[in-house]
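Listed below are the residues making up each chain.
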Amino acid sequence: MQAAKRIPYATAGGGRRGASGSGVVPPLVVLVFLFVLAPSIFFVARNGGHVHVASDPNDREGNQETDWQKQLATKNLKSILSKEMIDAIAASQQEAGALSVDFFRNRESPSWKTDDLANDLSNASLDVDDKVKSVNSSAEHDLSTTDKAPKEDTDEHQVDTAAKNARRKLREKRREKRAMDLVRKDDEARVKLENAAIERSKAVDSAVLGKYSIWRKENENENSDSTVRLMRDQIIMARVYSVLAKSKNKNDLYQELQTRIKESQRAVGEATADSDLHHSAPEKIRLMGQILSKAREDVYDCKVVTQRLRAMLQSADEQVRSLKKQSTFLSQLAAKTIPNSIHCLSMRLTIDYYLLPMEKRKFPRSENLENPELYHYALFSDNVLAASVVVNSTIMNAKEPEKHVFHLVTDKLNFGAMNMWFLLNPPGKATIHVENVDEFKWLNSSYCPVLRQLESAAMKEYYFKADRPTTLSAGSSNLKYRNPKYLSMLNHLRFYLPQVYPKLDKILFLDDDIVVQKDLTGLWDVDLNGKVNGAVETCGESFHRFDKYINFSNPHIARNFDPNACGWAYGMNIFDLKEWKKKDITGIYHKWQNMNEDRVLWKLGTLPPGLLTFYKLTHPLDKSWHVLGLGYNPSIDRSEIDNAAVVHYNGNMKPWLELAMTKYRPYWTRYIKYDHPYIRGCNLAE
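Cut-off values and rules
- Residues numbered from 1 in each chain as written.
- Predicted model: local features only at pLDDT ≥ 70, side-chain atom pairs only at ≥ 80, totals over all residues.
- Heavy atoms only, no water.
- UniProt positions renumbered as here; feature names shortened; annotations may be inferred.
- Core = buried A, V, L, I, M, F, W, Y, C linked by side-chain atoms within 4.5 Å.
- Buried < 20%, exposed > 50% of the residue type's maximum accessible area, 1.4 Å probe, protein only.
- Helix = DSSP H or I, 4+ residues; strand = E, 2+ residues; numbered from the N terminus.
- Contact = heavy atoms within 4.5 Å.
- Pairing = 2+ DSSP bridges.
- Disulfide = S-S within 2.5 Å.
- Salt bridge = Lys/Arg side-chain N within 4 Å of Asp/Glu carboxyl O.
- Axes fitted to C-alpha atoms, helices over the stretch in contact; angles between N-to-C directions.
- Right-handed = clockwise from strand over helix to strand, strands pointing away.
- Phe/Tyr/Trp six-rings, centres within 6.5 Å; stacked < 30°, edge-to-face > 60°.
- Lys NZ or Arg CZ within 6 Å of the ring centre and 35° of its normal.

If you check an unreviewed UniProt entry, the protein appears there as Hexosyltransferase from Zizania palustris. Per UniProt, the comment on the protein under Pathway (unreviewed entry) is "Glycan metabolism; pectin biosynthesis." Here the protein is described in UniProt, under the heading Subcellular location (unreviewed entry), as follows: "Golgi apparatus membrane".

Once that is clear, we can look at the nonpolar core. Judged by nonpolar contacts, the single largest core of 65 residues is most densely connected at Leu408, Leu508, Leu520 and Leu523. Element by element, the count of residues in this core is highest for helix H15 (residues 384-396), at eight residues. Sequence-distant contacts of leucine 520, defined by excluding residues within four places in its chain, comprise Tyr377, Leu508, Trp625, Ala645 and Val646. Residues Val409, Phe495, Val500 and Trp568 belong to the second largest nonpolar core, which totals 43 residues.

Most of strand S4 (residues 506-510) is tucked away, with five of its five residues classed as buried. What you see with S4 is no split at all: Lys506, Leu508 and Leu510 on one side and Ile507 and Phe509 on the other are buried throughout. Direction of pairing for strand S1 (residues 375-380) relative to S4: parallel, over a ladder of three bridges. When the sheet's bridge partners are listed, alanine 378 is paired in S4 with phenylalanine 509. As judged from the five bridges shared by S4 and strand S7 (residues 572-576), these two strands associate in the antiparallel manner. Looking at the pairing, lysine 506 lines up with aspartate 576 of S7.

The next subject is the state of the cysteines. Applying the stated criterion across every chain, the model contains two disulfides. Bridging cysteine 344 to cysteine 682, the disulfide has an S-S length of 2.2 Å. A torsion of -70 degrees about the S-S bond marks the disulfide between cysteine 344 and cysteine 682 as left-handed. Taken together, the positions of cysteine 344 in helix H14 (residues 340-354) and cysteine 682 in the segment after helix H30 (677-681) put the pair 338 residues apart, joining distant regions of the chain. Judged by relative accessible area, cysteine 344 falls into the partly exposed class, the value being 22%. When the cysteines engaged in disulfides are numbered in sequence order, the protein pairs them as 1-4, 2-3.

Take the environment of alanine 273 next. Looking at where alanine 273 falls in the secondary structure, it is placed in the loop between helix H11 (251-268) and helix H12 (281-299). Each C-alpha atom, one on alanine 273 and one on serine 226, is 7.9 Å from the other, the two residues being 47 residues apart in sequence.

With that out of the way, let us pick up the pattern of salt bridges. Here the structure, examined in full by the defined rule, presents 13 salt bridges. Close ionic contact of aspartate 317 with arginine 321 constitutes a salt bridge, the shortest N to O distance being 3.2 Å. With aspartate 317 and arginine 321 both in helix H13 (residues 302-336) and four residues apart, this pair spans about one turn of that helix. Given the relative accessible area of 49%, arginine 321 is considered partly exposed.

A few words on the sheet that holds strand S8 (residues 618-620). Strand order in the open sheet formed by seven strands is S3-S2-S1-S4-S7-S6-S8, and the pairing between neighbours is mixed. Two strands in the sheet have a free side with no partner beyond their single neighbour: strand S3 (431-436) and S8. Across the sheet, the mean angle separating the axes of adjacent strands is 25 degrees when strand polarity is ignored. Its contacts with the sheet put H15 on S1, strand S2 (404-410), S3 and S4, and the angle it makes with S2 is roughly 175 degrees. On the sheet, helix H16 (residues 415-424) packs against S2 and S3 and is oriented at approximately 170 degrees with respect to S3.

Take the pairing of S1 next. Consecutive side chains along a regular strand alternate between the two faces of the sheet. In terms of burial, S1 is largely enclosed, as six of its six residues are buried. Of the two faces of S1, both are covered, the one formed by Tyr375, Tyr377 and Leu379 as well as the one formed by His376, Ala378 and Phe380. Note: S1 against S2, six bridges, orientation parallel. By the bridge assignment for S2, histidine 376 is matched with valine 405. Crossover handedness for the path S1 to H15 to S2: right-handed.

Among the structural elements, serine 264 can be located in helix H11. Classification of serine 264 by relative accessible area gives buried; the value is 1%.

Enumeration according to the criterion identifies 24 aromatic pairs in this entry. When the ring of tyrosine 353 is compared with that of phenylalanine 415, the centres are 6.4 Å apart and the planes differ by 85 degrees; the resulting orientation is edge-to-face. One end of the pair, tyrosine 353, is in helix H14; the other, phenylalanine 415, is in helix H16, with 62 residues separating them in the sequence. A relative accessible area of 15% means that phenylalanine 415 is categorised as buried. Here tryptophan 580 and phenylalanine 614 contribute two aromatic rings whose centre-to-centre distance is 5.5 Å and whose plane-to-plane angle is 70 degrees, an arrangement assigned as edge-to-face. In this pair, tryptophan 580 sits in helix H25 (residues 577-583) while phenylalanine 614 sits in the loop between helix H27 (607-613) and S8, placing the two residues 34 residues apart along the sequence. Since its relative accessible area comes to 1%, phenylalanine 614 is described here as buried. Over the ring of tyrosine 570 we find arginine 494; its NZ or CZ atom is 4.6 Å from the centre of that ring.

Structure, rendered in structure tokens:
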């Protein structure tokens, strides 16, 4: 058998010569396409999407179609994007190669992710967004320039993590900045509150009775007493309903209301704020509310309730008026009495003084008492402790203590105590002399109108017998008129200074309720311009003027004085005794005192006759010489007190009394030696 011939590869597709040749060639072509050409086309398309074969006419047609599509897309994009953005896209394509969907899928920007977008929207600001974009663009730029080929998933994850870390750090910095701003604002607010509280505390009177706190007015709860007021309102309504229940013979309801009233009163007690209430108060409120609801249903009558409440209101108003009168009476009584400790001091000093031999009762340097070249002070007092503070404070603040001379005048009851105190406690190198007003023989009823008036039957009847009150409230209206201070010649002795000190040219008069804080010798250099009295004026816009003290309905007063003339203060007055004698000041005083025998010109005291006597004869001093009001005014500016030469406790709240204002008391107590044997023995405490 003849062997078959092999067909060469060159003639495999050339013709159709035999059956065996036409059956083998097509499968080979398919295999070559699948295993060689198809993978090549796939990878070429993945890397660029373009296969350039110049000799293939079909490719030219495809390229033409692709160019047409590009031109159409570019035309549409130009209408949307700016030229700069299109140039940037072209430059990026040249660096990283042709763009494809897979490129953006594998290299998506972290800023496109929606999870981080939510956080960015809540915290972002323009400057932070710019920083994030710069970080992302720099990361993508590094990625495209270092490796134009596709990166591995690990590299993409690292870029993504770096961007997240950058944004996280920016957010943390932003939060820290906000926290620091909040802390700073909080500190500023706290400092403002503290400064405001300090300013308010300067005007606080710690002596006001009852619950008082420098923080209460602004910082405490405005309704801090709401529960107390509720319970008191319930008690009032329960009383109204109890009257109605009794009038309608509802005895069970009446008894129950009375029981609840007593329980609520015990729970409230003396409470002024909710914090002071008994712990059972809420339960009492609940029970009272129940019985009030029941009473409203059973006995409520609008007309009767209104009438009853009006009657209770009128009764309460009368009680308030009565209590105010009693309070006035008691405060005046307390202000005019001497504390037991000071009375003890006076008695012990008096006993020891009269045990001294006569030769030891004399003060040194008596030759200075009539020397007009020295600085002379007049002090009239029956209070040993108060007089010691005046002398001590004057000497301690004097530049030349040896040139100061103190003339003390007291009554016979305190004469021994006053002498003994200053013999034991001499005022350094200064001169001091104590006299008894009862030994001024020239001061008698034939010369002094006040003494003559006190000896008259009508005056005795007025001061000591007539209209003697049977209750506290009735006695408050005329307590001042029976005050021993205004009947004592120590109070009126100020109108007789030339008679008491005939050889002196000038003298400084001081009350015993003042404290000296600076050297006072400058007052002797003040030019009074021919006036007699140098004093600090006290008038304001509508108070402390003449019409406040004097009765201008009297024709003698209306003809001779101006009702708007400015008043002035006793307590620290420099008197020119030469001018006093020339103008006969004592005679003027006697004239007006005689005209006021029936008390029609003024009621009491020495200031009204002083205003009349020294009218147009008073020279106003600078207010810093004499600051008044420490005995009644709780709102004096601290700087005024500190800068004052003399501070005056005029008013009822004297510094030696328990009712003194505690904020002002240290100015007085600093000049008392509480370790002194006599003071310690009488339990005088600071």
